[in-house]
Amino acid sequence: AGDIGAGHSVTAIFEVTPVGSDAILTDALRYSQSEAVSPSEELGFLKLRYKRSGEDTSTLIETPILPSDMHLQGEAAFAAAIAGFGSLLRGVDYTGDWTYADAIALANANRGDDPYGYRTEAVTLMRVAETLDR
């Protein structure tokens, strides 16, 4: 949690931990073993608080994240490609069938403005890692 001032923006990337994984660091909540919500119905549940300028109390927004909501593009999609690449480098078990080729394709499709070539360099590093992983 943290405060973000008016006129600022932030990108948050969360690592989703499968039920039963040794990597879970929080108490069981909405998707605990006894919960009736099926993972196929919801990918996650977003809780976000915001406070309007000059107000003392925050407002809570709660909404499920549904499979139909998953249409990444632009900055978020490029960030997801980098996060997925990082997971591949770490060799985590829960990336499913995600591959270096998937990370490269997602990054290339959403590279956007790259005035200093950093995003192009990131894709180059993905290609090198893919070659070394064979």
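For the structure itself, look to the data block above.
What you see is a predicted model; the values in this text were computed from it and never measured. (Residues numbered from 1 in each chain as written. Predicted model: local features only at pLDDT ≥ 70, side-chain atom pairs only at ≥ 80, totals over all residues. Heavy atoms only, no water.)

A. The arrangement of the overall build of the chain in detail. For the chain, the count of helices and strands is three helices and two strands. Going from the N terminus to the C terminus, the chain shows its helices and strands as β-β-α-α-α. Counting only residues that meet the buried cut, the chain has 18% of its 134 residues in that class. Look at the contacts in the chain between residues 6 or more apart in sequence, and 36% of them connect residues 24 or more apart. Here the chain displays about 10,400 Å² of accessible surface, and carbon together with sulfur accounts for 53% of that area. (Helix = DSSP H or I, 4+ residues; strand = E, 2+ residues; numbered from the N terminus. Buried < 20%, exposed > 50% of the residue type's maximum accessible area, 1.4 Å probe, protein only. Contact = heavy atoms within 4.5 Å. Areas by Shrake-Rupley, 256 points an atom, 1.4 Å probe, with all protein chains shown as cover.)

B. Representation of a nonpolar patch on the surface within the structure. Together, Leu-43, Leu-46, Leu-48, Tyr-50, Ile-61 and Ile-65 make up a nonpolar patch on the protein surface, roughly 460 Å² of accessible area in all. Elements represented by at least two residues in the nonpolar patch include exactly strand E1 (44-50) and strand E2 (59-65). Element by element, the count of residues in the nonpolar patch is highest for E1, at three residues. Here Ile-61 lies in strand E2. (Patch = residues over 30% accessible without salt bridge, like charges linked within 9 Å, V, L, I, M, F, W, Y side chains within 5 Å. Salt bridge = Lys/Arg side-chain N within 4 Å of Asp/Glu carboxyl O.)

C. How the structure looks around the environment of Leu-48. With respect to the element layout, Leu-48 can be found in strand E1. Here the alpha-carbon distance between Leu-48 and Ser-58, two residues ten residues apart in the chain, equals 9.7 Å. With residues up to four places along the chain from it excluded, the contact list for Leu-48 reads Thr-59, Leu-60 and Ile-61.

D. Quick peek at the packing of helix H1 (residues 74-90) against helix H2 (residues 100-109). Orientation of H1 relative to H2, taken along the N-to-C sense of each, is 160 degrees, at an axis distance of 8 Å. Relative to H2, H1 is oriented roughly antiparallel. Here H1 and H2 pass one another in a crossing that is left-handed. Contact with H1, carried on its side by Ala-77, Phe-78, Ala-80, Ala-81, Phe-85, Leu-88 and Leu-89, involves Tyr-100, Ala-103, Leu-106 and Ala-107 of H2 and no other residues of that element. Each residue belonging to the contact of H1 with H2 can be placed in one class, and the counts come to eleven nonpolar, no polar and no charged. (Axes fitted to C-alpha atoms, helices over the stretch in contact; angles between N-to-C directions. Parallel < 35°, antiparallel > 145°, perpendicular 65-115°, else oblique. Left-handed = near helix turned anticlockwise from the far one by under 90°. Nonpolar A, V, L, I, M, F, W, Y, C, P; charged D, E, K, R; others polar.)

E. Region of the structure containing the pattern of salt bridges. Inspection of the entire model under this criterion finds one salt bridge. Put simply, Arg-119 and Glu-75 hold a salt bridge, and the shortest N to O gap is 2.7 Å. Of this pair, Arg-119 sits in helix H3 (residues 118-132) while Glu-75 sits in helix H1, and the two are 44 residues apart along the sequence. Classification of Arg-119 by relative accessible area gives buried; the value is 16%. Judged by relative accessible area, Glu-75 falls into the exposed class, the value being 55%.

F. Focus on the nonpolar core. Of all hydrophobic cores here, the largest spans twelve residues; its members are Phe-78, Ala-81, Phe-85, Leu-88, Tyr-100, Ala-103, Ile-104, Ala-107, Ala-122, Val-123, Met-126 and Ala-129. Setting aside residues no more than four positions away along its own chain, Ala-103 makes contact with Ala-81, Phe-85, Trp-98 and Met-126. (Core = buried A, V, L, I, M, F, W, Y, C linked by side-chain atoms within 4.5 Å.)

G. Examining the side chain of Asp-114 more closely. Turning to its location among the elements, Asp-114 is positioned in the loop between H2 and H3. No salt bridge forms around the buried Asp-114; measuring N to O, its nearest opposite-charge neighbour Arg-111 is 5.1 Å away. One polar contact links the side chain of Asp-114 to the main-chain amide nitrogen of Tyr-118, over a distance of 3.0 Å. For Asp-114, the contacting residues outside a window of four places in its chain are Arg-119 and Thr-120. (Lys, Arg positive; Asp, Glu negative; His and termini not counted. Polar contact = N/O pair within 3.5 Å; in protein donor to acceptor, adjacent residues only side chain to side chain.)

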